[in-house]
Amino acid sequence: MTLNLSVLTPNRIVWDSEVKEIILSTNSGKISVLPNHAPIATAVDIGILRIRLNDQWLTIALIGGFARIGNNEITILINDTEKGSDIDPQEAQQALEIAEANLRKAEGKRQKIEAKLALRRARTRVEAINAIS
Amino acid sequence: MAMAALRREGRRFASLISPRPITAVRSSPLYPTLEDEGPLGLRHISTQVVRNRMKSVKNIQKITKAMKMVAASKLRAIQTKTENSRGLWQPFTALLGDLPSADVKKNVVVTISSDKGLCGGINSTSVKISKGLHKLNSGPEKETKYVILGEKAKAQLVRDSKKDIELIITELQKNPLNYTQVSVLADEILKNVEYDALRIVFNKFQSVVSFVPTVSTVLSPEIVEREAESGGKLGDLDSYEVEGGETKGEILQNLAEFQFSCTMFNAVLENACSEQGARMSAMDSSSRNAGDMLDRLTLTYNRTRQASITTELIEIISGASALEG
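An unreviewed UniProt entry lists chain B under the name ATP synthase subunit gamma, mitochondrial, with Gossypium darwinii given as the organism. The heading Subcellular location (unreviewed entry) in the UniProt record of chain B holds the text "Mitochondrion inner membrane". One UniProt comment on chain B, placed under Sequence similarities (unreviewed entry), says "Belongs to the ATPase gamma chain family."

Chain A is annotated in an unreviewed UniProt entry as ATP synthase epsilon chain, chloroplastic of Gossypium barbadense. On record in UniProt, under Subcellular location (unreviewed entry), the comment for chain A is "Membrane". Under the UniProt heading Sequence similarities (unreviewed entry), the note attached to chain A is "Belongs to the ATPase epsilon chain family."

Residues and elements named next belong to chain B. If you walk through the whole model with that rule in mind, you get zero disulfides over all chains. Cys-273 supplies the cysteine sulfur nearest to Cys-262, a cysteine that is in no disulfide, at a spacing of 17 Å. Take Cys-273: it sits in no disulfide, and the sulfur closest to it among the cysteines is that of Cys-119, at 13 Å. Classification of Cys-273 by relative accessible area gives buried; the value is 0%.

Our focus in this paragraph is the pairing of strand β3 (residues 21-26) of chain A. Residue and element names in this part refer to chain A. Most of β3 is tucked away, with six of its six residues classed as buried. On β3, burial covers both faces: Glu-21, Ile-23 and Ser-25 on one face and Ile-22, Leu-24 and Thr-26 on the other are all buried. Across four bridges, β3 lies against strand β5 (residues 40-53) in antiparallel orientation. Counterpart to Ile-22 in the pairing with β5 is Ile-51. Alignment of β3 against strand β4 (residues 29-33), held across five bridges, turns out to be antiparallel. Paired with Thr-26 across the strands is Gly-29, a residue of β4. Where β3 folds back onto β4 in an antiparallel hairpin, the turn is made up of two residues.

Here we take up the side chain of Thr304(B). Residue and element names in this part refer to chain B. Of note, Thr-304 is situated in helix α8 (residues 248-324). Take Thr-304: its relative accessible area is 4%, and that puts it in the buried class. Within the structure, the side chain of Thr-304 is placed 2.4 Å from the backbone oxygen of Thr-300, a separation counted as a polar contact.

What follows concerns the pairing of strand β6 (residues 56-70) of chain A. The side chains of a regular strand alternate, first on one face of the sheet and then on the other. All names here are of chain A. Within β6, 12 of the 15 residues are buried, which leaves the element mostly enclosed by the surrounding structure. Relative to β6, β5 is paired through 13 bridges, and the arrangement is antiparallel. By the bridge assignment, Ile-40 is partnered in β6 with Ile-69. Count of turn residues in the β5/β6 antiparallel hairpin: two residues, of which Asn-54 carries a positive phi of about 55°. Pairing analysis gives six bridges linking β6 to strand β7 (residues 73-78), with the strands arranged antiparallel. Bridge pairing in β7 links Ala-67 to Ile-76.

Moving on to the packing of helix α4 (residues 122-136) of chain B against helix α5 (residues 151-160) of chain B. Residue and element names in this part refer to chain B. In contact at an axis separation of 9 Å, α4 and α5 are set at 40° when each is read in the N-to-C sense. Judged by the angle between their axes, α4 and α5 are oblique. Like other packed secondary-structure pairs, α4 and α5 cross with a definite hand, here right-handed. Between α4 and α5, the residues in contact are Asn-123, Ser-124, Val-127 and Lys-131 and Lys-152, Ala-153, Gln-156, Leu-157 and Asp-160, respectively. Per-class residue counts for the contact of α4 with α5 are three nonpolar, three polar and three charged.

Structurally, chain A comprises domain 1 (3-84) and domain 2 (86-132). Centre-to-centre separation of domain 1 of chain A and domain 2 of chain A, based on C-alpha positions: 22 Å.

Before going further, it helps to spend a moment on the environment of Ile63(B). All names here are of chain B. Take Ile-63: it is sitting in helix α3 (residues 47-96). By relative accessible area, which is 52% here, Ile-63 ends up exposed. Separated by 45 residues in the primary sequence, Ile-63 and Val-108 place their C-alpha atoms 40 Å from one another.

Here is what the cut-offs are and how they apply
Residues numbered from 1 in each chain as written. Chains lettered and ligands numbered in written order. Predicted model: local features only at pLDDT ≥ 70, side-chain atom pairs only at ≥ 80, totals over all residues. Heavy atoms only, no water. UniProt positions renumbered as here; feature names shortened; annotations may be inferred. Disulfide = S-S within 2.5 Å. Buried < 20%, exposed > 50% of the residue type's maximum accessible area, 1.4 Å probe, protein only. Helix = DSSP H or I, 4+ residues; strand = E, 2+ residues; numbered from the N terminus. Pairing = 2+ DSSP bridges. Polar contact = N/O pair within 3.5 Å; in protein donor to acceptor, adjacent residues only side chain to side chain. Axes fitted to C-alpha atoms, helices over the stretch in contact; angles between N-to-C directions. Parallel < 35°, antiparallel > 145°, perpendicular 65-115°, else oblique. Left-handed = near helix turned anticlockwise from the far one by under 90°. Contact = heavy atoms within 4.5 Å. Nonpolar A, V, L, I, M, F, W, Y, C, P; charged D, E, K, R; others polar. Domains from an automatic or database assignment.

Laid out in structure tokens, this is it:
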């Protein structure tokens, strides 16, 4: 029994094939989805999506969206994503440092919120690389 | 004997040159009338006039051919993007349904059209459908408002539905079309317009020669709740347990906004594709017509030229024979 996973963004289809299990991070925490899961519709937070096929884990960094799970079909609609293998480790690390510096400098509520979001994105990308290795 | 034969020739030419092209030339104010009457009462157009006309038709043909190539290359660029964006919008329809028949109080019709002209009839069809939707949904309790994207629809709708227009957005194509741009746009619309149902009218790109006008409906969360409770197609929504956030309503709100911006993105791309495709076929038929016109003008030109040579010959020969005898 396998799950059919499709990960879609407005610009392209990132993933469309069968997997054994996925770990998704939502607003209320990380959930793991196995075949025959109960049907749910949920919002996806900025985090990593881990996919297991044939005892190998793959990571994709997700930047916010929605997911629908039902009947062994998972549809994840994302604003933007990056595959773990596509991210350059040094660049991601640098981005993380810049984001942290920005957060410290930020003043005013709006800038703080933006800086926090940027930080989470950068952290997600770094995690994506680390998780593979 | 020779004179009689020549006279017969002249009369034959007179019947060939029909009076119609002459009047056509006379009515156009650009061309000076350089007519002269030959010895048999023939009226010739001067070859100069016909040659000028041929030159301008040839130029038009070159320009329309170039426009067709430009449209073809632009089409190729957008087509891949459009096909990729199609996948995103289908899960929404699967989950939330596309209910054009939803009966709501506040309808907003989002008409997507092009900014530039010369693209065939696609803008008129979009406007016709928007007007039709407006009529369908106007009644004692219901009202319909317009949000217009693009100059062409603005020109047509401003004329008779000015009071119903909420928002006009033009010059979309100046910035490259990507999802961030469109989501900002969608945000603007959602902020400024209250709605129960949004109907997006655009031309779906099915192939290079076929563009189908389509309406996508996006319902506001409250209506989605209402329809889900009443069962029917949206009844499945309740079977999904909604997590990830404080309340179900909040999630549905976010979902509806996301759905709107995704459907907008797809609609804008498809319309851009249809615009380029329609422009391609319009310019193609234009250059073909110009080619036909050029052929006809060439025939007229040759006839005129031969007629004037014949007239000269007649004059010379009759002058010479008058001298002799």
